[in-house]
Amino acid sequence: MRFSYQWLKQWVDIDIDAIELAHKLTAAGLEVDTVEPVAAPFSGVCVGEIISCEPHPDADKLKLCRVDAGSGDHLQVVCGAPNAAPGLKVPFAQVGAELGEGFKIKKAKLRGVESFGMACSAKELGLSDDHSGLMELPADAPVGQDFREYLQLDDQAIDLELTPNRGDCLGIRGLARDVTASCHAEFTPLDIE
């Protein structure tokens, strides 16, 4: 079973980190296979909204977009994604953002036009293999909010190898009850309608 550490914390009031929890689970007979971040490391990415989008003057497949990143200025960005359109909310890597090891976003000139950031696909952020276009966010996504915070990506995924006799831990509620006993913590069941 694979679960999020933050999701478990909604059910159990624990104050230990994910690694210590993994040791306690293993000691209680639930073998932890892996503990890993839910997202690749990146920084400087916020929720952005494409304000306008027009064809690039010197390239057929590129678009010249204006992006609101929450600072009050509309930044000029050259984009090649087919789904770039006005009103679309996307992850936006600002100048200075780091998208993995050694990949830093800089002011660039693409086909003679300056670009001040990058609208991102899920693949560019290491969230999935989808690179067919920009990662589309819901219309109510708050412009300017840190993207990691918006999607709660500063979390750990814990993967358990369950044996057939531990069917009680095939769901988060049963697992939470087991963690309550192992960690001497308070069980806080969610009110689910």
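Residues numbered from 1 in each chain as written. Predicted model: local features only at pLDDT ≥ 70, side-chain atom pairs only at ≥ 80, totals over all residues. Heavy atoms only, no water.

**Remarks on helix α4 (residues 172-183)**
One turn of an α-helix holds 3.6 residues; hence residues three or four places apart share an orientation.
Turning to step 1, where the next piece is worked out: Taking 1.5 Å per residue, 12 residues should reach 16 Å; α4 reaches 16 Å between its end C-alpha atoms and fits that length.
Turning to step 2, where the next piece is worked out: Buried within α4 we find Ile172, Gly174, Leu175, Ala176, Asp178, Val179, Thr180 and Cys183.
Turning to step 3, where the next piece is worked out: Looking at the buried side of α4, the elements it contacts are β1 (2-4), α1 (5-11), β2 (12-13), α2 (18-27), β11 (156-161) and β12 (186-187).
Turning to step 4, where the next piece is worked out: In the segment just after α4, His184 is the residue with positive phi, at about 50°. (Helix = DSSP H or I, 4+ residues; strand = E, 2+ residues; numbered from the N terminus. Expected span 1.5 Å × (residues − 1). Buried < 20%, exposed > 50% of the residue type's maximum accessible area, 1.4 Å probe, protein only. Contact = heavy atoms within 4.5 Å.)

**Things to note about the pairing of strand β4 (residues 43-55)**
Turning to step 1, where the next piece is worked out: In terms of strand pairing, β4 meets strand β7 (residues 89-98) through 6 bridges, oriented antiparallel. From the neighbouring strand, Cys46 faces β7, where its bridge partner is Phe92.
Turning to step 2, where the next piece is worked out: Looking at chain direction, β4 and strand β5 (residues 63-68) are connected through 6 bridges and run antiparallel. Looking at β5, one finds that Ile50 is bridged to Val67. (Pairing = 2+ DSSP bridges.)

**Examining the packing of aromatic side chains**
Given two aromatic rings, their pairing is described by the distance between the two centres and the angle made by the two planes.
Turning to step 1, where the next piece is worked out: Applying the stated criterion across every chain yields a total of 2 aromatic pairs.
Turning to step 2, where the next piece is worked out: The interplanar angle of 35° and the centroid separation of 6.2 Å between the aromatic rings of Trp11 and Phe187 together place this pair among those described as tilted. Residue Trp11 is located in helix α1, and its partner Phe187 is located in strand β12; the two are separated by 176 residues in the primary sequence. The residues Trp11 and Phe187 share a single accessibility class, namely buried.
Turning to step 3, where the next piece is worked out: Its end group placed over the ring of Phe42, Arg148 keeps NZ or CZ at 4.7 Å from the ring centre. (Phe/Tyr/Trp six-rings, centres within 6.5 Å; stacked < 30°, edge-to-face > 60°. Lys NZ or Arg CZ within 6 Å of the ring centre and 35° of its normal.)

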